[in-house]
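# A closer look at the structure
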Amino acid sequence: MERAPCLLPRLLLQLLLLLRISAGTSQSAPPEPCELDEEDIHCACNFVDPQPDWSSAFQCTAAVDVKIRAGGRSLEPFLSRVDPEADPRQYVDMIRALRVRRLTLGAARVPAPLLFGVLRALAYSRLKELTLEDIEVTGAPPPPPLGASGLGISTLRLRNVSWEAGGAWLAQLQQWLKPSLLKVLSIAQAPSLAFVCEQVLSFPALTSLDLSDNPGLGERGLVGALCPHKFPALQDLALRNAGIETPSGVCARLATAGVQPRTLDLSHNSLRATINAGDPKCVWPSALNSLNLSFAGLEQVPQGLPAKLNVLDLSCNRLTRAPRLDELPTVGNLSLKGNPFLLADAAFSQGNAMNSESNVAPACARSHLAVGMSGTLAVLQGVRSFA
């Protein structure tokens with residue numbers, strides 16, 4: 001394989017991007033696509049130039065938080081220039097010298113052997129958080145090498161990542177990770193969350209699972225996404241903007257999956273308040289103590305809620321009257337901020353305290369579910385106690 005001069009720094013550079021790609025320097029000197037802050041903490045690259053200077057990313061080897069976007073291009077040509085199955089142990093000292101703890105890779109069409117070759121090399125790094133976004137993974141991954149150490153990250157975030165492997169992708173990805181160390185998993189804008197559960201291993205340490213911003217998921221899709229008994233330690237489950245229709249429908253799927261979360265976020269879904277006639281009464285997980293139903297377009301308190309909660313968030317809905325005590329569970333902290341019945345007096349006296357189009361508070365209207373994406377987790381505001 002042909003190598004460019006200065007193999008050592010070149011190789012170190014490509015462990016951040018595509019593992020052992022020999023990048024040539026351009027004849028001209030276009031603006032550098034990478035920027036490193038003065039504290040050597042954050043480094044961001046955006047290779048949108050038609051002939052990008054990949055060597056600019058070398059400065060990111062000094063950073064802790066690295067974000068690299070490949071300009072939406074296909075990385076297929078790199079397969080002829082690298083050996084993704086090469087044993088990275090001969091470079092272990094260089095890999096461990098990298099300061100990167102948080103790595104984001106995005107905007108690329110990546111052959112699976114190339115992606116998994118990078119993951120194999122990063123297994124010897126001190127990386128803790130990995131984010132893949134706007135990526136299409138093509139082809140099948142190579143079989144994991146015998147005796148190889150998996151990538152020991154605690155956080156994995158995937159947004160708008162498609163896999164040619166279909167529903168088997170999570171099981172394939174697991175083979176290159178250390179599932180026993182993964183604590184946070186986020187999967188957003190996925191083409192499909194119908195996993196091949198028979199192939200998925202357990203995530204014994206996973207405490208946070210975020211399946212938000214998957215509007216096609218729905219309650220039926222939860223059965224395939226929450227592989228039964230694969231998340232024994234799960235504490236926080238987020239299903240914002242996930243096509244959920246009723247809290248009781250989610251309750252039934254949690255029971256099927258054997259999931260016992262402590263907090264459940266169903267905000268930014270268009271929820272119905274009533275349950276279907278004939279549906280069996282669901283027993284909510286005994287560990288559940290916090291339920292977020294904000295930004296859900298509710299005109300009344302939904303039926304079938306847990307009997308007892310520590311926190312219930314009904315803020316930024318369309319409640320036109322105060323809920324009756326018999327409609328609510330026994331709850332320690334209840335948030336009702338942003339509902340019309342609380343703003344009626346202010347609307348009458350001020351005229352502009354209500355949003356006439358959506359009939360919600362202006363602060364709520366800016367983040368209402370009609371906007372689309374759920375955004376970050378809504379923080380409980382204006383919490384009040386109910387006897």
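Fair warning: this is a prediction, and the values are worked out from it, not measured in the lab.

## Concerning the packing of aromatic side chains
Within this structure, the stated rule accounts for 7 aromatic pairs. Summarising the aromatic geometry, the rings of F116 and W163 are spaced 6.5 Å apart at their centres and angled 50 degrees between planes, so their arrangement reads as tilted. Linking F116 in helix 3 (residues 112-122) with W163 in strand 6 (residues 155-163), this pair joins segments that are 47 residues apart in sequence. With relative accessibility at 1%, the residue F116 sits in the buried group. When the ring of W163 is compared with that of W169, the centres are 4.9 Å apart and the planes differ by 5 degrees; the resulting orientation is stacked. For W169, a relative accessible area of 4% puts it in the buried group.

## Observations regarding the pattern of salt bridges
All chains considered together, the criterion is met by 12 salt bridges. The salt bridge involving D210 is made with R240; its shortest N-O contact spans 3.1 Å. You can see D210 sitting in strand 8 (residues 208-210) and its partner R240 sitting in the loop between strand 9 (236-238) and helix 6 (247-257), a full 30 residues away along the chain. Among the residues examined, D210 registers a relative accessible area of 17% and is labelled buried. The closest approach of N and O atoms between E245 and R272, which form a salt bridge, is 3.6 Å. One end of the pair, E245, is in the loop between strand 9 and helix 6; the other, R272, is in the loop between strand 10 (263-265) and strand 11 (290-292), with 27 residues separating them in the sequence. With a relative accessible area of 31%, R272 lands in the partly exposed category.

## Quick notes on unusual backbone geometry
Here Q189, not a glycine, exhibits a phi torsion of approximately 50 degrees, which is positive. As for its placement among the helices and strands, Q189 is situated in the loop between strand 7 (184-188) and strand 8. Phi is positive for H229, close to 65 degrees, though the residue is something other than glycine. Locating H229 in the fold gives a position in the loop between helix 5 (218-225) and strand 9. Judged by its relative accessible area of 59%, H229 is exposed.

## As for the pairing of strand 7
For strand 7, the tally of buried residues reaches 4 of 5 residues, placing the bulk of the element in the interior. Pairing between strand 6 and strand 7: 5 bridges, direction parallel. Along strand 7, the bridge assignment pairs L156 with L185. In terms of handedness, the path from strand 6 via helix 4 (residues 169-174) over to strand 7 forms a crossover that is right-handed. Sheet topology note: the strand 7/strand 8 ladder contains 3 bridges and is parallel.

## Concerning helix 6
Within an α-helix, residues lying three or four positions from one another point in the same direction, as the helix has 3.6 residues per turn. Residues of helix 6 that are buried include every one of P247, S248, G249, V250, C251, L254 and A257, and no others. The elements touched by buried residues of helix 6 are helix 5, strand 9 and strand 10. Phi for G258, located one or two positions after helix 6, is positive at around 70 degrees.

Criteria and cut-off values
- Residues numbered from 1 in each chain as written.
- Predicted model: local features only at pLDDT ≥ 70, side-chain atom pairs only at ≥ 80, totals over all residues.
- Heavy atoms only, no water.
- Phe/Tyr/Trp six-rings, centres within 6.5 Å; stacked < 30°, edge-to-face > 60°.
- Helix = DSSP H or I, 4+ residues; strand = E, 2+ residues; numbered from the N terminus.
- Buried < 20%, exposed > 50% of the residue type's maximum accessible area, 1.4 Å probe, protein only.
- Salt bridge = Lys/Arg side-chain N within 4 Å of Asp/Glu carboxyl O.
- Pairing = 2+ DSSP bridges.
- Right-handed = clockwise from strand over helix to strand, strands pointing away.
- Contact = heavy atoms within 4.5 Å.

Nothing here speaks to function; it is all geometry.
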